[in-house]
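Secondary and tertiary structure notes
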Amino acid sequence: NQHALHLGLTSIWHYEVENGIPRANHEEDVLKMKQIARELVEAHSCDEEIDERRMDIQLRLAECQFQPLCTVLGGFVSMEVLKTAGFGQPISQWVHFDMTNTLPFESNEARTDTKPIGSRYDDFIMMFGTRFHSKVLRSKVLMAGYNNTGSEIVKLFGLVGVGCSPEGRGLVAAGESATVGASDVSCHRLVEGHFLDSPQILAASKMAAKINSCMTFIGKHEKYQLSASPFYFGSGMFAEADVILALGDRDDRNSAYKQS
(Lines give C-alpha, C1' and ligand atoms only; values in the text may rest on other atoms or scores of the structure.)
Protein backbone atom coordinates (compact mmCIF):
# COMPACT_ATOMS: atom_id res chain seq x y z
CA ASN A 1 0.00 0.00 0.00
CA GLN A 2 2.71 2.48 0.92
CA HIS A 3 4.45 2.01 -2.44
CA ALA A 4 1.21 2.66 -4.33
CA LEU A 5 0.48 5.76 -2.25
CA HIS A 6 3.97 7.16 -2.68
CA LEU A 7 4.04 6.43 -6.41
CA GLY A 8 0.61 7.99 -6.85
CA LEU A 9 1.61 11.11 -4.92
CA THR A 10 4.81 11.50 -6.92
CA SER A 11 2.86 11.10 -10.18
CA ILE A 12 0.43 13.81 -9.09
CA TRP A 13 3.29 16.20 -8.32
CA HIS A 14 4.90 15.55 -11.70
CA TYR A 15 1.55 16.14 -13.42
CA GLU A 16 0.97 19.42 -11.55
CA VAL A 17 4.26 20.90 -12.78
CA GLU A 18 3.02 20.89 -16.38
CA ASN A 19 -0.77 20.86 -16.07
CA GLY A 20 -1.84 22.14 -12.66
CA ILE A 21 -4.10 20.27 -10.23
CA PRO A 22 -5.70 17.21 -11.89
CA ARG A 23 -9.47 17.26 -12.27
CA ALA A 24 -11.42 14.87 -10.06
CA ASN A 25 -12.72 11.71 -11.78
CA HIS A 26 -11.41 12.97 -15.13
CA GLU A 27 -10.34 10.01 -17.25
CA GLU A 28 -7.88 11.93 -19.43
CA ASP A 29 -6.02 13.32 -16.41
CA VAL A 30 -5.98 9.91 -14.72
CA LEU A 31 -4.50 8.24 -17.82
CA LYS A 32 -1.77 10.88 -18.04
CA MET A 33 -0.82 10.36 -14.39
CA LYS A 34 -0.80 6.58 -14.81
CA GLN A 35 1.60 7.01 -17.72
CA ILE A 36 3.82 9.16 -15.50
CA ALA A 37 3.67 6.43 -12.84
CA ARG A 38 4.78 3.78 -15.36
CA GLU A 39 7.68 5.96 -16.46
CA LEU A 40 8.75 6.46 -12.83
CA VAL A 41 8.65 2.71 -12.18
CA GLU A 42 10.80 2.05 -15.25
CA ALA A 43 13.22 4.87 -14.46
CA HIS A 44 13.84 3.61 -10.94
CA SER A 45 13.74 -0.12 -11.78
CA CYS A 46 11.02 -0.67 -9.18
CA ASP A 47 10.10 -4.34 -8.80
CA GLU A 48 7.53 -3.84 -6.01
CA GLU A 49 3.96 -4.97 -6.72
CA ILE A 50 1.74 -1.88 -6.95
CA ASP A 51 -1.89 -1.85 -5.80
CA GLU A 52 -3.31 -0.24 -8.92
CA ARG A 53 -6.85 0.09 -7.55
CA ARG A 54 -5.62 2.06 -4.56
CA MET A 55 -3.47 4.29 -6.75
CA ASP A 56 -6.36 4.77 -9.19
CA ILE A 57 -8.54 6.15 -6.37
CA GLN A 58 -5.75 8.46 -5.24
CA LEU A 59 -5.26 9.86 -8.75
CA ARG A 60 -8.98 10.35 -9.34
CA LEU A 61 -9.51 12.31 -6.14
CA ALA A 62 -6.34 14.38 -5.93
CA GLU A 63 -8.38 17.57 -6.37
CA CYS A 64 -10.78 16.83 -3.50
CA GLN A 65 -10.59 18.05 0.07
CA PHE A 66 -12.02 15.77 2.76
CA GLN A 67 -12.54 17.66 6.01
CA PRO A 68 -11.96 14.76 8.47
CA LEU A 69 -8.68 14.00 6.70
CA CYS A 70 -7.72 17.69 6.86
CA THR A 71 -8.30 17.51 10.62
CA VAL A 72 -5.99 14.50 10.96
CA LEU A 73 -3.27 16.17 8.91
CA GLY A 74 -3.66 19.37 10.95
CA GLY A 75 -3.06 17.29 14.07
CA PHE A 76 0.10 15.83 12.56
CA VAL A 77 1.40 19.27 11.62
CA SER A 78 0.70 20.79 15.04
CA MET A 79 2.53 17.93 16.76
CA GLU A 80 5.52 18.34 14.44
CA VAL A 81 5.68 22.03 15.33
CA LEU A 82 5.80 21.12 19.03
CA LYS A 83 8.53 18.55 18.36
CA THR A 84 10.77 21.21 16.81
CA ALA A 85 10.70 22.94 20.20
CA GLY A 86 12.14 19.82 21.84
CA PHE A 87 8.97 17.94 22.79
CA GLY A 88 9.79 14.70 20.98
CA GLN A 89 11.45 13.35 17.86
CA PRO A 90 10.17 14.82 14.56
CA ILE A 91 9.00 12.48 11.81
CA SER A 92 11.77 11.37 9.49
CA GLN A 93 11.19 10.61 5.81
CA TRP A 94 7.53 9.98 4.90
CA VAL A 95 4.24 9.24 6.65
CA HIS A 96 1.34 8.11 4.47
CA PHE A 97 -2.18 8.23 5.91
CA ASP A 98 -4.30 5.79 3.91
CA MET A 99 -8.10 6.20 3.91
CA THR A 100 -8.88 4.68 0.52
CA ASN A 101 -10.77 1.80 2.15
CA THR A 102 -13.50 4.24 3.16
CA LEU A 103 -14.29 5.00 -0.47
CA PRO A 104 -16.98 3.07 -2.38
CA PHE A 105 -15.09 2.77 -5.67
CA GLU A 106 -15.47 -0.93 -6.47
CA SER A 107 -16.79 -0.53 -10.00
CA ASN A 108 -17.44 2.06 -12.67
CA GLU A 109 -21.10 2.01 -11.70
CA ALA A 110 -20.19 3.43 -8.29
CA ARG A 111 -18.88 6.56 -10.00
CA THR A 112 -21.99 7.46 -11.97
CA ASP A 113 -23.29 9.96 -9.38
CA THR A 114 -20.04 11.72 -8.50
CA LYS A 115 -20.43 14.79 -10.72
CA PRO A 116 -20.33 18.10 -8.80
CA ILE A 117 -23.67 19.88 -8.46
CA GLY A 118 -22.42 23.36 -7.54
CA SER A 119 -22.90 22.96 -3.77
CA ARG A 120 -20.63 23.35 -0.76
CA TYR A 121 -20.48 19.55 -0.63
CA ASP A 122 -19.05 19.01 -4.11
CA ASP A 123 -15.75 17.55 -2.90
CA PHE A 124 -17.62 15.06 -0.72
CA ILE A 125 -19.94 14.20 -3.62
CA MET A 126 -17.03 13.64 -6.01
CA MET A 127 -15.63 11.17 -3.49
CA PHE A 128 -18.73 9.33 -2.26
CA GLY A 129 -21.54 10.20 -4.68
CA THR A 130 -24.85 12.04 -4.34
CA ARG A 131 -26.83 8.99 -3.19
CA PHE A 132 -24.60 8.45 -0.20
CA HIS A 133 -24.47 12.15 0.60
CA SER A 134 -28.27 12.32 0.59
CA LYS A 135 -28.21 9.73 3.39
CA VAL A 136 -25.61 11.81 5.23
CA LEU A 137 -27.84 14.89 5.07
CA ARG A 138 -30.80 12.95 6.48
CA SER A 139 -28.83 11.07 9.15
CA LYS A 140 -29.77 11.26 12.81
CA VAL A 141 -27.02 11.25 15.41
CA LEU A 142 -27.38 11.01 19.18
CA MET A 143 -24.40 12.15 21.27
CA ALA A 144 -24.31 10.93 24.88
CA GLY A 145 -21.93 13.49 26.34
CA TYR A 146 -20.03 16.13 24.43
CA ASN A 147 -16.66 17.39 25.76
CA ASN A 148 -13.67 18.30 23.53
CA THR A 149 -14.24 15.46 21.10
CA GLY A 150 -17.86 16.42 20.54
CA SER A 151 -16.87 19.97 19.64
CA GLU A 152 -14.60 18.74 16.85
CA ILE A 153 -17.13 16.18 15.63
CA VAL A 154 -19.97 18.71 15.41
CA LYS A 155 -17.68 21.03 13.43
CA LEU A 156 -16.98 18.23 10.95
CA PHE A 157 -20.68 17.31 10.83
CA GLY A 158 -21.47 20.82 9.69
CA LEU A 159 -18.72 20.85 7.07
CA VAL A 160 -19.67 17.55 5.40
CA GLY A 161 -23.43 17.90 5.97
CA VAL A 162 -24.30 15.33 8.65
CA GLY A 163 -27.82 16.09 9.90
CA CYS A 164 -28.01 19.10 7.57
CA SER A 165 -30.96 18.23 5.36
CA PRO A 166 -32.54 21.43 3.98
CA GLU A 167 -35.92 19.80 4.61
CA GLY A 168 -35.06 19.31 8.29
CA ARG A 169 -35.05 15.52 8.05
CA GLY A 170 -31.63 15.19 9.68
CA LEU A 171 -30.79 15.64 13.36
CA VAL A 172 -27.83 15.98 15.71
CA ALA A 173 -28.88 15.72 19.37
CA ALA A 174 -26.46 16.12 22.28
CA GLY A 175 -26.50 16.51 26.04
CA GLU A 176 -23.78 17.99 28.25
CA SER A 177 -23.90 19.52 31.73
CA ALA A 178 -20.52 21.31 31.63
CA THR A 179 -20.04 25.05 31.20
CA VAL A 180 -17.42 26.86 29.14
CA GLY A 181 -14.15 27.45 31.01
CA ALA A 182 -11.14 29.55 30.06
CA SER A 183 -9.27 26.52 28.69
CA ASP A 184 -12.24 25.63 26.46
CA VAL A 185 -11.95 28.90 24.56
CA SER A 186 -8.48 27.96 23.31
CA CYS A 187 -9.07 24.27 22.54
CA HIS A 188 -12.69 24.14 21.29
CA ARG A 189 -13.35 25.07 17.68
CA LEU A 190 -16.99 25.82 18.50
CA VAL A 191 -16.33 28.07 21.49
CA GLU A 192 -15.63 31.80 21.48
CA GLY A 193 -14.63 34.07 24.35
CA HIS A 194 -18.05 35.61 24.89
CA PHE A 195 -19.42 32.14 25.77
CA LEU A 196 -17.31 31.99 28.96
CA ASP A 197 -19.29 30.44 31.85
CA SER A 198 -22.18 29.62 29.47
CA PRO A 199 -23.36 26.03 28.94
CA GLN A 200 -21.06 24.23 26.48
CA ILE A 201 -24.02 22.85 24.61
CA LEU A 202 -25.46 26.37 24.07
CA ALA A 203 -22.16 27.54 22.60
CA ALA A 204 -22.08 24.45 20.40
CA SER A 205 -25.56 24.99 19.01
CA LYS A 206 -24.90 28.64 18.12
CA MET A 207 -21.54 27.96 16.49
CA ALA A 208 -22.86 24.92 14.62
CA ALA A 209 -25.50 27.17 13.07
CA LYS A 210 -22.74 29.52 11.87
CA ILE A 211 -20.86 26.67 10.21
CA ASN A 212 -23.97 25.23 8.55
CA SER A 213 -27.34 26.92 8.91
CA CYS A 214 -29.10 23.77 7.66
CA MET A 215 -27.96 21.65 10.60
CA THR A 216 -30.77 20.60 12.94
CA PHE A 217 -28.89 20.65 16.25
CA ILE A 218 -30.73 20.08 19.52
CA GLY A 219 -28.72 20.49 22.71
CA LYS A 220 -29.71 19.91 26.33
CA HIS A 221 -27.78 21.37 29.23
CA GLU A 222 -27.95 18.31 31.44
CA LYS A 223 -25.96 15.15 31.96
CA TYR A 224 -27.09 12.25 29.81
CA GLN A 225 -28.75 9.52 31.89
CA LEU A 226 -30.26 6.15 31.19
CA SER A 227 -33.61 7.48 32.39
CA ALA A 228 -33.51 9.97 29.53
CA SER A 229 -35.74 12.99 29.51
CA PRO A 230 -38.33 13.45 26.73
CA PHE A 231 -35.71 15.55 24.96
CA TYR A 232 -33.86 12.37 24.13
CA PHE A 233 -37.03 10.90 22.64
CA GLY A 234 -36.84 7.94 25.00
CA SER A 235 -36.14 4.55 23.45
CA GLY A 236 -37.64 5.86 20.21
CA MET A 237 -34.60 8.05 19.59
CA PHE A 238 -32.34 5.04 19.90
CA ALA A 239 -34.51 3.17 17.44
CA GLU A 240 -34.42 6.08 14.97
CA ALA A 241 -30.77 7.13 15.41
CA ASP A 242 -28.40 6.10 12.64
CA VAL A 243 -25.38 6.70 14.87
CA ILE A 244 -25.00 6.80 18.66
CA LEU A 245 -21.82 8.42 19.96
CA ALA A 246 -20.90 7.92 23.62
CA LEU A 247 -18.46 10.78 24.19
CA GLY A 248 -18.80 11.63 27.86
CA ASP A 249 -17.51 9.91 30.98
CA ARG A 250 -17.90 6.23 31.81
CA ASP A 251 -21.45 6.70 33.12
CA ASP A 252 -22.48 8.37 29.85
CA ARG A 253 -21.02 5.53 27.81
CA ASN A 254 -22.56 2.82 29.97
CA SER A 255 -25.98 4.48 29.74
CA ALA A 256 -25.77 4.70 25.96
CA TYR A 257 -24.63 1.10 25.58
CA LYS A 258 -27.40 -0.21 27.86
CA GLN A 259 -30.10 1.78 26.10
CA SER A 260 -28.92 0.79 22.60
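Remember, it's a predicted structure, so these values are computed and weren't measured experimentally.

Quick word on the packing of helix α7 (residues 147-160) against helix α9 (residues 200-211)
- Running from N to C, α7 and α9 cross one another at 20°; their axes reach a closest spacing of 9 Å. Of the possible angle classes, the one that applies to α7 and α9 is roughly parallel. Two packed elements cross with a definite hand, and for α7 against α9 that hand is right-handed. Facing Asn 147, Val 154, Lys 155, Gly 158 and Leu 159 of α7, the residues of α9 in contact are Gln 200, Ala 208 and Ile 211.
- In terms of residue class, the contact of α7 with α9 is built from four nonpolar, three polar and one charged.

Section: the confidence of the model for the protein chain
- This prediction gives the protein chain a mean pLDDT of 80; 79% of its residues lie at or above 70.
- Here residues 226-233 is a poorly scored stretch, pLDDT under 50, and it has 19 contacts once near neighbours within four places are set aside; other chains count.

Some words on the pattern of salt bridges
- All chains considered together, the criterion is met by nine salt bridges.
- A salt bridge links Glu 80 to Lys 83; the nearest nitrogen and oxygen atoms lie 2.9 Å apart. Placement of the pair is Glu 80 and Lys 83 together in helix α4 (residues 67-84), with a separation of three residues, close to one helical turn.
- Assessed through its relative accessible area of 18%, Glu 80 is described here as buried.
- One salt bridge in this structure joins Arg 131 and Asp 113, with 3.7 Å as the shortest N-O distance. Highlighted residues: Arg 131 in helix α6 (residues 130-138) and Asp 113 in the loop between α4 and α5 (122-128), separated in sequence by 18 residues.
- Among the residues examined, Arg 131 registers a relative accessible area of 52% and is labelled exposed.
- Look at Asp 113 and you get buried, because its relative accessible area is 9%.
- Put simply, Glu 27, Lys 34, Asp 56 and Arg 60 are held in one network by salt bridges that share partners.

Observations regarding the side chain of Ser 11
- Topologically, Ser 11 is positioned in helix α1 (residues 2-19).
- Residues in contact with Ser 11, not counting those within four places in the same chain, are Met 33, Ile 36, Ala 37, Leu 40 and Leu 59.

Concerning the environment of Val 41
- Within the secondary structure, Val 41 sits in helix α2 (residues 27-43).
- The class of Val 41 is partly exposed, set by a relative accessible area of 23%.
- Between the C-alpha atom of Val 41 and that of Leu 7, which follows or precedes it by 34 residues, the distance is 8.3 Å.
- The contacts of Val 41, once residues within four sequence positions are left out, are Leu 7 and Cys 46.

A few points about helix α3 (residues 52-60)
- Counting buried positions along α3 gives seven out of nine residues, so the element sits mostly inside the fold.
- Those residues of α3 lying buried are Arg 54, Met 55, Asp 56, Ile 57, Gln 58, Leu 59 and Arg 60.

Observations concerning the nonpolar core
- Core analysis: the largest hydrophobic core is formed by 33 residues, its most contacted members being Met 127, Met 143, Phe 157, Met 215 and Phe 217.
- Of all elements in the fold, only α5, α6, β1 (140-144), α7, β2 (171-175) and α9 reach the threshold of two or more residues within this core.
- With residues up to four places along the chain from it excluded, the contact list for Phe 217 reads Val 154, Val 172, Ala 174, Ile 201, Ala 204 and Ser 205.
- The next biggest cluster of nonpolar side chains, apart from the first, holds 10 residues, and it includes Ala 4, Tyr 15, Ile 36 and Ala 37.

Some details on a nonpolar patch on the surface
- On the surface, Val 72, Leu 73, Phe 76, Val 77, Val 81, Ile 91, Val 95 and Phe 97 cluster together to form a nonpolar patch covering roughly 650 Å² of accessible area.
- Mapped onto the secondary structure, Leu 73 falls in helix α4.

Details of the sheet that holds β1
- Spatial ordering of the open sheet is given by β3-β2-β1-β4, a layout of four strands whose pairing is parallel. Two strands in the sheet have a free side with no partner beyond their single neighbour: β3 (217-220) and β4 (243-246). Going across the sheet, the axis of each strand differs from the next one's by a mean of 10°, ignoring polarity.
- As paired elements, β1 and β2 share five bridges and run parallel to each other. Its bridge partner lying in β2, Ala 144 is registered against Gly 175.
- Most of the contacts of α7 go to β1, to which it runs at about 170°, and overall it touches β1, β2, β3 and β4.
- Strands in contact with α9 are β2 and β3; relative to β3, the strand with the most contacts, it is inclined by about 170°.

Looking at unusual backbone geometry
- One non-glycine residue with positive phi stands out, namely Asn 25, at about 55°.
- Tracing the sequence through the fold places Asn 25 in the loop between α1 and α2.

Definitions and limits used
- Residues numbered from 1 in each chain as written.
- Predicted model: local features only at pLDDT ≥ 70, side-chain atom pairs only at ≥ 80, totals over all residues.
- Heavy atoms only, no water.
- Axes fitted to C-alpha atoms, helices over the stretch in contact; angles between N-to-C directions.
- Helix = DSSP H or I, 4+ residues; strand = E, 2+ residues; numbered from the N terminus.
- Parallel < 35°, antiparallel > 145°, perpendicular 65-115°, else oblique.
- Left-handed = near helix turned anticlockwise from the far one by under 90°.
- Contact = heavy atoms within 4.5 Å.
- Nonpolar A, V, L, I, M, F, W, Y, C, P; charged D, E, K, R; others polar.
- pLDDT = per-residue confidence, 0-100.
- Salt bridge = Lys/Arg side-chain N within 4 Å of Asp/Glu carboxyl O.
- Buried < 20%, exposed > 50% of the residue type's maximum accessible area, 1.4 Å probe, protein only.
- Core = buried A, V, L, I, M, F, W, Y, C linked by side-chain atoms within 4.5 Å.
- Patch = residues over 30% accessible without salt bridge, like charges linked within 9 Å, V, L, I, M, F, W, Y side chains within 5 Å.
- Areas by Shrake-Rupley, 256 points an atom, 1.4 Å probe, with all protein chains shown as cover.
- Pairing = 2+ DSSP bridges.

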